[in-house]
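A structural walkthrough
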Amino acid sequence: MDMKVQKAKLGLKEKYRLMTRDLGWTPSYQPHEKLYPYAAYEGIVIHDWDKWEDPFRLTMDAYWKYQAEKDRKFYAIIDAHAQNNGHLNITDARYLSALKIFLQAISPGEYCAHKGFARAGREFPGVGTQVACQMQSIDELRHAQTQIHALSSYNRYYDGFHAFIQMRDRMWYNSVPRSFFDDAMTGGPFEFMVAIGFSFEYVLTNLLFVPFMSGAAYNGDMATVTFGFSAQSDEARHMTLGLECIKFILEQDPANLPIVQRWLDKWFWRGLRLLSLVGTMMDYMLPKRVMSWAEAWEIYAEDNGSALFKDLARYGIRPPKGWKDAAKARDHISHQFMLAFYQWSFGTAFHGWIPSEADLDWLSSKYPETFDRHYRPRWDYFKKLADAGTQFRNVGLAKLCQCCQMPCVFTEPDDPTLLCHRERVIDGHRYHFCSDHCREIVEHEPEKYVQAWMPMNQLFQGTSGGGGIENWMRWVNLVDGKDNGDFVGSRDQRNFAAWRGMATSNNGT
Amino acid sequence: MAVVALKPYPLRPVDGIEHYHGDQLVYWSWDHHLMFAAPFITCPSPSTRVVDFLEATIRPLIAADPDADRVDWTCVEWIRDHEPIAIDVGKSFSENGIGHKDLLRFRTPGMNTLCG
Amino acid sequence: MSQVFIVLQSNEETRAIVEAIEQDNPRAKVTRQPAMVRIDAPEHLVIRRTTVEEKTGGAFDLQSLHINLVTLGGHVSEDEDELSLSWNH
Amino acid sequence: MQIDLRTVTIEPQRHAYDHLEQRFGAKPASRYQEASYDIQAVENLHYRPTWDPEQQLYDPDLSRVRMRDWYAIKDPRQFYYSSYTLTRARQQDTAEANFAFVESRGLSALMPGELTAQVLALLMPLRHAAWGANQNNTLICGYGFGTTFTQPCMFQAMDQLGIAQYLSRLGLLLGDPESLGAGKRAWMVDATWQPLRHYTEDTMALRDPVEVFVAQNLVLDGLLYPLVYEHLVDDVLSARGASCVAMLTQFMSEWGSETRKWIDAVTKTLAAESADNRAALCDWIDRWLPRAALAVLPIVAIVLGDQAQSAVEDQMTDFAGRLGKAGVTR
């Protein structure tokens, strides 16, 4: 009779090869370039896709299993959060401004990453790369959806969350993240991969998720810390993919080095501009703080980043061009943004405020070189105006950078008392930039950036609701007097205090 | 440099003066006065006298700065694209050769109350 | 000297993993922050399946690390028995 | 002091996000609705793609079919990431148990060698067909318009990868790595498989996401899955003594009937939109259905021999019925 023969157990690597890499084949009924039409035009040369190393060897069965476990945990927590008025656990309602920015600016970016990785997961001719990109694509969809779900219960009670869909496309400051992701997605698959998979995920997103989410935990926001860490557990895979991909490209052909280096220069700077917003969230919007933006930058960018670039040096890669200027800006950016948000709060779907004396002292201690000298006097003066009943509102609209689309709030790298002005005439048209690096990015690809949708300029063209601030507010779904303005006196502040009061007194009876 | 693309990728600006209904964009920035987070974007008619626009629009925008009252438009130093420029504020934008999307910086030496 | 690092959510499941890492990596430095544990090590860090299993008394699939992983830094090398992080310089 | 937050009854300020209240009224939205509707950007796209500046970054005109509102398309399973993943994880538990059952009892070794060979000849090349389907669904997700249309296609792509991996495991259980290699060689050179590989490569050259949807999900899988998994494996081969194989492909048969409901719902919505859409769908079906029938015929013949023709014809009749119900009438 037949005896069951004990088969040789396949190793993880060999098994994974059979489960994925072996599935593809060389087409013969269609030319290769017809099936992968976008794989070559960027100039990246790949000789052998089989040299690709799969970083984590997750097959779909394991993927479903582990991801389901993560999701069960996540939804159990946010269900409990919604049922038990978990929103009243946060330390202070001003913290919600950070979540509003997150939902309006970051969650739509997760969706872009989902679409972009779906495209890359089809356009790369190598199976290993495709599978990794496809998994990242559904992960990114997960992130967008878990964020929308987690913040949904906040939306039911607080202002500023309700119109994140309309604001994604129309709100002036959201054109910063939108243009960032649109830029990456309109590049080819390799540039997208270097932009999002490597520069953004590997070099920068630790700054977004790790210290900020730890801060969310510190401020009693279990819903956010849950989606944050839950998402970051996927990011660990994505970062590894990004690093693997860049090594793979660089090892394939020396001709790839200058192309990759330029993308690194470009995408480090674009990512830095985008993520600097997180600095403001960390330094100003967390009522209880874990660490300053400068400290997080030191750990996650300077220490980890320099280890990374030392590692990549053997391929001829040098740190991104903007690295030094980024370090110089470290002690300024969060203050420059918050001062801006405060004075423009009539036009933002989140609240601004003047930090308390204790907060200002904390900032002085964390930014000893810059804060007392450059920023505290401005806050003190704003406070003087507010106390006198003449709160400062800057009703002037801002000049935007043609590249990063940030209002040009940045100062000269070596002179914090002077705004940085850069301009260039391209084909008879004048364009403005926030920095040397943003200008250089545009000079490389002028055809791309001259078509950017610049929200302030569009206002004057009369395209954003038909002209005038009221029409504009209607057009972006901004509810004047509720979503915008100063936190002090806002509906969010009043409601939060009243509801907390109810909770306290109920408990007492 | 040019964008790397699979097909011809024409340069198509979307911000030309023709979109501004006869007006033009002009940016303004007051050097060393960082109370205002960023340069202002404005949209005057090219035929407007510069001083009229300064008084009607820019003066109110900068009024909150403690130095604002001391600004005399005939004495400020003007800079355009990193070069000094002479502006006759009694004349119009077009007469002064100020074009679409020019950035005008003005300097008021001796005044820097909030930006030591 | 470059540091590699791994950050795990801080909960019951990762307690044993952190202990195993400490045992197998004498030079690792463990930092506890709200809701998370960060472990840095000079140049190299390894997580061994068998050590985790000693700590828990049960079977441990290294891939299940994904459930509680927050982030990491360094090149990843993984097989059935260990996951290691390193820099090549 | 510990605050007991549950004791507080607070009137919400609003029920749902604005865009959902606009679509569904002022009431709490479902997680599916929150996760799916309008979450793709539509306005003020910044740059034209470098691969084709005539296209928009998200471009409904990539397809010949037109929708006034692409969100008219709905997934009847209401899959978003979590509901999808939890569903598949449950199925995976079953699949795992089935594999363990067959393996621990040595059931596959009890099959006659000839039957095993036939099963492997039938199923191993399908690993690659599933990979083609993965590629096509990934493309639909990447370039299709509107999340309620595109997100299930990404799930479908991952499912097809999962199916290719289940088939690989099946091959390793019934045979060895060489069984997989033989299947790949058959896929590349055997006459039996060439019409299907030809079909797959031709659909991979398409760029209209809805045509890809029709050619892959509706037409090809509409014939292939019921024929191979429900008819050949579950009925014919099981009766011949390969019921353990049916255990190993349980995922595929269940999945086939589950996904058909979704595919039919999408098709029905597309067809109901306009006569132009119906004409487009009909043109594509006319183009791909005869080829699909020819492609599956030699595969069915591996098991059924001369009776393959009538099995395929029966399936074509069923398929015509599906099309009729979906409102695609020719």
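Sequence order sets the numbering: in each chain, residues are counted from 1 along the sequence as written. Each chain takes a letter, starting from A, and each ligand takes a number, starting from 1, following the order in which they are written. Note on the predicted model: pLDDT of at least 70 is required for a residue's local features to be given, and 80 or more for side-chain atom pairs to be given and counted; whole-chain, interface and lining totals, by contrast, use all residues. Note: side-chain values were computed over all heavy atoms of the structure, leaving out hydrogens and water.

1. What to know about the overall build of chain C
Note the cut-off: Here a strand is any run of E in DSSP of at least two residues, a helix any run of H or I of at least four, and the numbering for each starts at the N terminus. For the radius of gyration, the atom set is restricted to C-alpha positions; the globular benchmark scales as 2.2 Å times the number of residues to the power 0.38. Working definition: with a 1.4 Å probe on protein chains only, accessible area under 20% of the residue-type maximum means buried, over 50% means exposed, and in between means partly exposed. We call two residues in contact when some of their heavy atoms are within 4.5 Å. Accessible surface is estimated by sampling points in the Shrake-Rupley manner with a 1.4 Å probe; for residues, cover comes only from the protein chains shown. When charges are counted, neither His nor the chain ends are considered; positive counts come from Lys and Arg and negative counts from Asp and Glu. A charge is said to be at NZ when it belongs to Lys, at CZ for Arg, at CG for Asp and at CD for Glu.
The secondary structure content of chain C amounts to two helices and seven strands. Mapped in sequence order, the helices and strands of chain C form the string β-α-β-β-β-α-β-β-β. For 89 residues, the compact-globule estimate of 2.2 N^0.38 gives 12 Å, and chain C sits close to it at 12 Å. Projected onto its principal axes, the C-alpha positions of chain C cover 35 × 30 × 20 Å. Counting across all 89 residues of chain C, residues that qualify as buried make up 58%. In chain C, the share of contacts with a sequence separation of at least 24, taken over all contacts with a separation of at least 6, comes to 63%. About 3,700 Å² of surface is accessible on chain C, with carbon and sulfur atoms providing 45% of the total. Here chain C carries 8 positive and 15 negative side-chain charges, and the mean point of each set is 8 Å from the other.

2. A few points about the environment of A:Thr348
Residue and element names in this part refer to chain A. To be explicit about the condition: By the criterion applied in these results, polar contacts are pairs of N or O atoms within 3.5 Å in which, for protein atoms, one can donate a hydrogen and the other can accept it, and in which residues neighboring in sequence qualify only through two side-chain atoms.
Position of Thr 348 relative to the elements: it lies in the loop between α13 (333-343) and α14 (357-366). Distance in space between the C-alpha atoms of Thr 348 and His 432 is 23 Å, their sequence separation being 84 residues. Those residues in contact with Thr 348, other than ones at most four positions away along the chain, are Met 171, Trp 172, Tyr 173, Leu 478, Asp 483 and Asn 484. Of the polar contacts made by the side chain of Thr 348, one reaches the backbone oxygen of Phe 350; its length is 2.9 Å.

3. Digging into the sheet that holds strand β7 (residues 82-86) of chain C
All names here are of chain C. We count it as follows: Whether two strands pair comes down to DSSP finding at least two bridges between them. Note on method: axes are straight lines fitted to C-alpha atoms, helices fitted across the in-contact stretch only, with angles between N-to-C directions ranging 0 to 180 degrees.
The three strands are arranged β4-β7-β6 in an open sheet whose pairing can be described as antiparallel. Every other strand in the sheet has two partners, leaving β4 (44-48) and β6 (75-78) as the edge strands with one partner each. Along the sheet, successive strands turn relative to each other by an average axial angle of 15°, direction set aside. Pairing of β4 with β7 involves five bridges; the strand directions are antiparallel. In the sheet register, Val 46 faces β7, and the bridge partner there is Ser 84.

4. Some words on the nonpolar core
Formally: Throughout this description, the term nonpolar core refers to a set of buried Ala, Val, Leu, Ile, Met, Phe, Trp, Tyr and Cys residues connected via side-chain atoms within 4.5 Å.
Membership of the largest hydrophobic core comes to 378 residues, with the highest contact counts inside it found for B:Trp78, C:Ile6 and D:Leu123. Top element by residues in this core is helix α10 (residues 209-248) of chain D. It accounts for 23 residues.

5. Here's the deal with the packing of aromatic side chains
The following threshold applies: Think of it this way: a Phe, Tyr or Trp ring, Trp meaning its six-membered ring, pairs with another when their centres are within 6.5 Å, and the plane angle makes it stacked under 30 degrees, edge-to-face over 60, tilted otherwise. Sitting over a ring, as applied to charges here, requires NZ of Lys or CZ of Arg to be within 6 Å of the ring centre and within 35 degrees of the ring normal.
Tallied over the full model, the rule gives 66 aromatic pairs over all chains. Their ring planes at 75° and their centres at 4.8 Å tell us that A:Phe164 and D:Tyr17 sit as a pair that is edge-to-face. In this pair, A:Phe164 is assigned in helix α6 (residues 164-170) and D:Tyr17 in the segment before α1 (18-24), connecting two distinct chains. Residue A:Phe164 shares its accessibility class with D:Tyr17, and that shared class is buried. Directly above the ring of A:Trp362 sits A:Arg289, whose terminal nitrogen or CZ lies 4.1 Å from the centroid.

6. What about the sheet that holds strand β3 (residues 36-42) of chain C?
All names here are of chain C. Strand order in this open sheet of four strands is β2-β3-β1-β5, and the pairing throughout is antiparallel. Only two strands of the sheet have a single neighbouring strand rather than two, namely β2 (29-33) and β5 (69-73). Each neighbouring strand pair of the sheet contributes to a mean axis angle of 15°, computed without reference to strand direction. Of the strand pairs in this sheet, strand β1 (residues 3-9) and β3 are connected by seven bridges, and their pairing is antiparallel. Bridge pairing in β3 links Val 7 to Arg 38.

7. Some remarks on the confidence of the model for chain C
Heads up, the condition is: Values of pLDDT, the confidence the predictor places in each residue, fall between 0 and 100.
Of the residues in chain C, 99% have a pLDDT of 70 or more, and the chain-wide mean is 91. The ipTM for the predicted assembly is 0.95, set against a pTM of 0.95.

8. A word on the pattern of salt bridges
All names here are of chain A. The condition is simple: The rule for a salt bridge is simple: a side-chain nitrogen of Lys or Arg has to be within 4 Å of a carboxyl oxygen of Asp or Glu.
On inspection of all chains with the given rule, the structure shows 82 salt bridges over all chains. Where Arg 439 meets Glu 443, a salt bridge forms, and the shortest distance between an N and an O atom there is 4.0 Å. Within this pair, Arg 439 and its partner Glu 443 are both found in helix α16 (residues 436-444), separated by four residues, close to a single helical turn. Its relative accessible area of 26% is what places Glu 443 among the partly exposed residues. One network of salt bridges, in which partners are shared, links Asp 183, Glu 191, Arg 262, Lys 266, Arg 270, Glu 445 and Lys 448.

9. Looking at the packing of α10(D) against helix α12 (residues 275-304) of chain D
Residues and elements named next belong to chain D. What counts is decided by this rule: Each angle is binned into one of four classes, with values under 35 degrees roughly parallel, values over 145 roughly antiparallel, values of 65 to 115 roughly perpendicular, and all other values oblique. In this scheme the handedness of a crossing depends on how the near helix is turned from the far one: anticlockwise by less than a right angle means left-handed, clockwise means right-handed. Under the convention adopted here, Pro, Cys and the residues Ala, Val, Leu, Ile, Met, Phe, Trp and Tyr are nonpolar, Asp, Glu, Lys and Arg are charged, and Gly plus all remaining residues are polar.
Closest axis-to-axis distance for the α10/α12 pair is 9 Å, and the angle between their directions is 25°. Here α10 is positioned roughly parallel relative to α12, judged by the angle of their axes. The handedness of the crossing between α10 and α12 is right-handed. Here the residues of the contact of α10 with α12 sort into 23 nonpolar, one polar and three charged.

10. With respect to the environment of A:Val176
Residues and elements named next belong to chain A. Considering the arrangement of structural elements, one finds Val 176 in helix α7 (residues 175-186). As a C-alpha pair, Val 176 and Leu 208 span 32 residues in sequence and 16 Å in three-dimensional space. Discounting chain neighbours no more than four positions away, the residues touching Val 176 are Arg 270, Leu 274, Cys 404, Gln 405 and Met 406.

11. Considering the interface of chain D and chain B
Interface extent is often summarised as the accessible area lost during association of the parts. Cut-off, in case you're wondering: Summed over both partners, the accessible area lost on bringing two parts together, with a 1.4 Å probe, is the buried area.
Opposite the eight residues of chain D that make contact, chain B presents eight residues. Carbon and sulfur atoms supply 51% of the area buried between chain D and chain B, which totals about 570 Å² over both sides. Remark: the boundary between chain D and chain B carries one salt bridge. Here B:Lys7 makes a salt bridge to D:Asp52, at a shortest N to O gap of 3.0 Å. Summed over the shared surface of chain D and chain B, the number is three residue pairs in polar contact (both at pLDDT 80 or more).

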